[in-house]
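# An overview of the molecular structure
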Amino acid sequence: MLYPKPETLKPPRTDVLTVSPWLAPIVWEGSFNTEILNNQFRQKGWRVGLTTFAIKKYIRFLKPFIETAEKFFMVGLPVNYYVFTDQASNVTDLNIIVGTGRQIIILEVPSYERWQDVTMRRMQMISDVCQQRFASEVDYLVCVDVDMRFQDHVGVEILSDVFGTLHPAFFVKGRDKFTYERRPESQAYIPEDEGDFYYAGGYFGGKVEEVYKLTNHCHHAMLTDKANNIEAIWHDESYLNSYFLYNKKPTKILSPEYLWNEMDGTAFYLRKIRFIALQKNMAEVRT
Ligand code: UDP
Ligand code: MN
């Protein structure tokens with residue numbers, strides 16, 4: 001395999017932070033070589049699962065989500081799409097076609113009345129399936145929202161023991177602007193003078209065992225809070241942020257290239273916009 005030698009004194013990106021203080025790489029276009037990573041991945045024979053939830057009205061996002069994943073997500077590699085839904089037959093009726101080596105697996109789950117519970121219970125449902133089937137079917141999991149569209153390459157460069165994603169609204173902001181849970185009574189509490197990054201609830205993943213630890217931890221933190229009549233300000237996202245902070249966890253961090261908002265246009269440091277959150281009428285889609 002031929003490629004240019006990495007130059008110690010010529011970092012490919014000097015305009016953005018490419019490593020965290022605990023030495024987790026932050027993934028930006030230009031900082032990695034896809035061919036090297038794909039070779040390594042194929043040699044190991046790793047398998048990837050992409051989990052998403054399409055509950056109640058969010059089923060409308062599923063077809064474009066998977067169809068764009070077919071064009072941009074782990075292209076040329078085997079992928080299991082795990083779709084958690086309360087409407088299995090409606091998912092089947094969507095007739096979504098995927099390429100060879102790729103398959104859609106429908107997991108029927110209960111729906112909750114409050115949208116906050118729908119998003120928070122994802123932690124419980126993912127952790128349950130880790131033991132039941134993810135452990136035997138895939139090596140890595142990528143867990144994302146469904147109200148999204150892929151529009152550029154997302155490949156094995158995202159994979160690591162446990163990865164998190166910089167929230168597009170906060171990565172240039174100070175700690176005081178982070179919307180961490182600030183009530184000490186909550187399991188998700190983070191004091192004003194702590195915190196590295198503000199991570200997005202809708203995009204994390206890693207080895208199955210690590211995703212199990214993460215989701216199981218967050219689910220139990222949420223149960224404890226529920227028993228104490230408190231719910232963190234941004235639901236599962238708040239618990240995820242405290243898990244990452246106190247375990248110095250992400251072993252890799254995805255830049256906002258991997259999670260951007262449709263309405264935010266572009267920015268000079270973004271060489272690619274890979275995955276975008278679609279604009280939606282919150283009030284309409286959540287009721
Ligand atoms: N979700 C769902 N049905 C609902 C509410 C949420 O399936 O009624 C799932 C869906 O996968 C969605 C995710 O939970 O993408 C997170 O919710 P949402 O996208 O509304 O949160 P936001 O990105 O707006 O913070
Ligand atoms: Mn979303």
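Predicted, not measured: the structure shown is a model, and the values here were computed from it. (Residues numbered from 1 in each chain as written. Chains lettered and ligands numbered in written order. Predicted model: local features only at pLDDT ≥ 70, side-chain atom pairs only at ≥ 80, totals over all residues. Heavy atoms only, no water.)

A few words on the UniProt feature "active site" (unreviewed entry) in the protein chain. The UniProt entry lists Glu237 under the feature "active site" (unreviewed entry), expressed in the numbering used here. Within the fold, Glu237 resides in helix 6 (residues 236-247). Ignoring sequence-local partners within four residues, the contact set of Glu237 consists of His167, Tyr198, Tyr199, Ala200 and Gly201. Within the structure, the side chain of Glu237 is placed 2.7 Å from the backbone nitrogen of Gly201, a separation counted as a polar contact. (UniProt positions renumbered as here; feature names shortened; annotations may be inferred. Helix = DSSP H or I, 4+ residues; strand = E, 2+ residues; numbered from the N terminus. Contact = heavy atoms within 4.5 Å. Polar contact = N/O pair within 3.5 Å; in protein donor to acceptor, adjacent residues only side chain to side chain.)

Right, let's talk about the pattern of salt bridges for a bit. Under the definition given, this model contains 25 salt bridges. Residue Arg60 pairs with Glu284 through a salt bridge whose shortest N-O separation is 2.9 Å. Of this pair, Arg60 sits in the loop between strand 2 (48-54) and helix 2 (62-72) while Glu284 is found in helix 7 (residues 282-285), placing the two residues 224 residues apart along the sequence. In this structure, the salt-bridge partner of Arg102 is Glu70, at a minimum N-O distance of 2.7 Å. Of this pair, Arg102 sits in strand 4 (residues 102-108) while Glu70 is found in helix 2, placing the two residues 32 residues apart along the sequence. Assessed through its relative accessible area of 10%, Arg102 is described here as buried. What emerges from the salt-bridge pattern is a single network uniting Glu29, Asp152, Glu257, Lys272 and Arg274. (Salt bridge = Lys/Arg side-chain N within 4 Å of Asp/Glu carboxyl O. Buried < 20%, exposed > 50% of the residue type's maximum accessible area, 1.4 Å probe, protein only.)

Let us now look at the pairing of strand 2. With respect to burial, strand 2 is a largely interior element, seven of its seven residues being buried. Judged by which residues are buried, strand 2 turns out to be covered on both faces: Val48, Leu50, Thr52 and Ala54 on one side and Gly49, Thr51 and Phe53 on the other are all buried. As for the winding sense of the linkage, the β-α-β connection from strand 2 through helix 2 to strand 3 (residues 79-85) is right-handed. Bridging between strand 2 and strand 5 (residues 140-144) involves four bridges; their strand directions are parallel. Its bridge partner lying in strand 5, Val48 is registered against Tyr140. (Right-handed = clockwise from strand over helix to strand, strands pointing away. Pairing = 2+ DSSP bridges.)

With numbering matched to this structure, UniProt assigns "binding site: UDP-N-acetyl-alpha-D-galactosamine" (unreviewed entry) to Phe53, Ala54, Ile55, Tyr58, Asp145, Val146 and Asp147. Spatially, the listed residues are clustered: although they cover 95 residues, their C-alpha atoms lie within 11.2 Å of one another. With respect to the helices and strands, the residue Ala54 is situated in strand 2. On the basis of relative accessibility, which here comes to 0%, the residue Ala54 falls in the buried class.

Let us look at the packing of helix 4 (residues 115-137) against helix 5 (residues 208-227). Running from amino to carboxyl end, helix 4 crosses helix 5 at an angle of 145 degrees, the nearest separation of the two axes being 8 Å. Crossing handedness for the pair helix 4 and helix 5: left-handed. Contacts between helix 4 and helix 5 pair Met120, Arg121, Met123, Gln124, Ile126, Ser127, Cys130, Gln131, Phe134 and Ala135 from the former with Val208, Val211, Tyr212, Leu214, Thr215, Asn216, Cys218, His219, Met222, Leu223 and Lys226 from the latter. Tallied by class, the residues present in the contact of helix 4 with helix 5 amount to 13 nonpolar, six polar and two charged. (Axes fitted to C-alpha atoms, helices over the stretch in contact; angles between N-to-C directions. Left-handed = near helix turned anticlockwise from the far one by under 90°. Nonpolar A, V, L, I, M, F, W, Y, C, P; charged D, E, K, R; others polar.)

Around ligand 1 sit 14 residues in total, of which Phe53, Ile55, Tyr58, Asp147 and Lys280 are the nearest. Coverage of ligand 1 by the protein chains reaches 85% of its 510 Å² of free accessible surface. Every element with two or more residues in the shell around ligand 1 is listed here: strand 2 and helix 4. Examining the composition of the shell around ligand 1, we find that three residues originate from one element, helix 4, more than from any other. For the shell around ligand 1, the class distribution of residues is seven nonpolar, one polar and six charged. (Near = heavy atom within 4 Å. Areas by Shrake-Rupley, 256 points an atom, 1.4 Å probe, with all protein chains shown as cover.)

Once that is clear, we can look at unusual backbone geometry. Phi angles above zero are rare outside glycine, and Lys56 is one such case at about 55 degrees. For Lys56, a relative accessible area of 31% gives the class partly exposed. The phi torsion at Met74 lies on the positive side, around 50 degrees, for a residue other than glycine. Residue placement: Met74 occurs in the loop between helix 2 and strand 3.

Below, the discussion takes up the sheet that holds strand 11 (residues 275-277). The mixed open sheet is built from three strands, whose spatial order is 6-11-10. If you trace the sheet from one side to the other, it starts and ends with strand 6 (148-150) and strand 10 (260-261), each paired once. As paired elements, strand 6 and strand 11 share three bridges and run antiparallel to each other. If you follow Met148 over to strand 11, its bridge partner there is Ala277.

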